[in-house]
Amino acid sequence: MGRGTVSRVINGSPRVSDRTRTAVEQAVAELGYVPNRVARALAANRADAVALVIPEPETRLFAEPYFSDVICGVGAELADTDLQLLLTLIRTPKERQRFAEYLSAHRVDGVLLVSVHADDPLPDLLERIEMPAVLSGRRSAHESVPYVDSDNAGGAQSAVEHLLGRGRTTVATITGPLDMYVAQCRLDGYRAAIRAAGQEVDPDLIAPADFTEEGGRRAMRELLRRRPHVDAVFAASDVMAAGARQVLREEGRRVPDDVALVGFDNSAVARHMDPPLTSVRQNTEEMGRAMVRVLLEEIETQGDRTSKRPQLVLPTELVRRGSS
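Residues numbered from 1 in each chain as written. Predicted model: local features only at pLDDT ≥ 70, side-chain atom pairs only at ≥ 80, totals over all residues. Heavy atoms only, no water.

Visitor: Please explain the side chain of D238 as it appears in this structure.
Guide: Within the element layout of this structure, D238 appears in helix α11 (residues 238-250). Buried charged residue D238 carries no salt bridge. Nearest counter-charge: R321, at 6.4 Å. Reaching out from D238, the side chain makes a polar contact with the backbone nitrogen of S267 at a distance of 2.7 Å. D238 has contacts with G263, F264, D265, N266, S267, V269, A270, L277 and S279, leaving out every residue within four places of it along the chain. (Helix = DSSP H or I, 4+ residues; strand = E, 2+ residues; numbered from the N terminus. Buried < 20%, exposed > 50% of the residue type's maximum accessible area, 1.4 Å probe, protein only. Lys, Arg positive; Asp, Glu negative; His and termini not counted. Salt bridge = Lys/Arg side-chain N within 4 Å of Asp/Glu carboxyl O. Polar contact = N/O pair within 3.5 Å; in protein donor to acceptor, adjacent residues only side chain to side chain. Contact = heavy atoms within 4.5 Å.)

Visitor: Please explain the pattern of salt bridges as it appears in this structure.
Guide: Oppositely charged side chains can form a pair if their charged atoms are brought close together. Applying the stated criterion across every chain yields a total of 22 salt bridges. R227 is the salt-bridge partner of D204, the closest N and O atoms lying 3.3 Å from each other. Separated by 23 residues along the polypeptide, D204 in the loop between α9 (181-196) and β7 (206-208) and R227 in the loop between α10 (213-226) and β8 (232-235) bring together distant segments of the chain. The exposure class assigned to D204 is partly exposed, which follows from its relative accessible area of 31%. Ionic contacts of the salt-bridge type, sharing partners, join the residues D210, E213, E214, R217 and R218 into one network.

Visitor: It is not clear to me how the sheet that holds β7 should be interpreted in this structure. Could you clarify?
Guide: Whenever strands of a sheet pair, they do so through backbone hydrogen bonds, lying parallel or antiparallel. Overall, mixed pairing links the 6 strands, which are arranged β7-β6-β8-β9-β10-β12 in an open sheet. This sheet does not close on itself; its edge strands, each paired only once, are β7 and β12 (316-319). Here the average twist between neighbouring strands, direction ignored, is 15°. (Pairing = 2+ DSSP bridges. Axes fitted to C-alpha atoms, helices over the stretch in contact; angles between N-to-C directions.)

Visitor: Would you take a moment to explain the packing of aromatic side chains for this structure?
Guide: Between two aromatic rings, the relevant description is the distance of the centres plus the angle of the planes. By the definition in use, this model includes 3 aromatic pairs. Relative to Y102, the ring of F99 lies with its centre 6.2 Å away and its plane at 15°, an arrangement referred to as stacked. A residue pair is termed a helical-turn pair when its members lie 3 or 4 positions apart in one helix, as F99 and Y102 do in helix α6 (residues 93-104) at 3 residues. The exposure class of Y102 is partly exposed, given its relative accessible area of 27%. Directly above the ring of F264 sits R186, whose terminal nitrogen or CZ lies 3.7 Å from the centroid. (Phe/Tyr/Trp six-rings, centres within 6.5 Å; stacked < 30°, edge-to-face > 60°. Lys NZ or Arg CZ within 6 Å of the ring centre and 35° of its normal.)

Here is the structure:
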């Protein structure tokens, strides 16, 4: 029996008869043979590794439950594969250049990219070197790289409609950084709900921030300066809502009596606030799992650009609690 036949059996090829497969599997069991993964990867021109890239400072990584949930989902979905996970933070242009060189050497089989900004050059580099990749979110409505996203506009619209339905008349929003499509979509959802209620969108009720707690505090102070009688706030993340809650408490504003508050993510932050925070639920752990499934498909079909690139948008749901 030739080495090629044995290799086909070990690698699960269907091009082997049942009789031959049984004989090889019996011999493998008797000899206690364990395949050398390194050798197999070299022979297949594979690295047996994928990179999870987060182009954000470690302060955001550890402060925001969104990232830990995505990482949990990615790790869980990869658990039954032979692939290693490489977690990479990119905080400076030098780190981005070093990682670009690492990718160009094809030391990983694919990339999962989380928290994408509009001017991030990494997605274009990944396409240029034909590296299989999946984004968490999108850079724009015309994203060319495969992605898994949430219905950000729909989720935001449902949050603001909820506030308006509770009789609130001056509804403000604290946005994420507007160079991120996710933040733009949540702002679009806010505007859509305001207009659907027959109101004009007031620019003074829109306060840009950066998805951080401190950003939420700064934005809430600015909103109170511009519109002291604001009676509801939709914050585009739970973490920013927590910052806004601190400022409202400092200013003697009761939640929800004086100001109703809604966040986005339905994270542990929302559940542990006082009062508990109404929030838009997006299944970020499932996002991580779905990203891995799409990436594995991209790796298997690498080089085939005839099929439609995978683009998944997961549903969101408003979880009502005491803050609204």
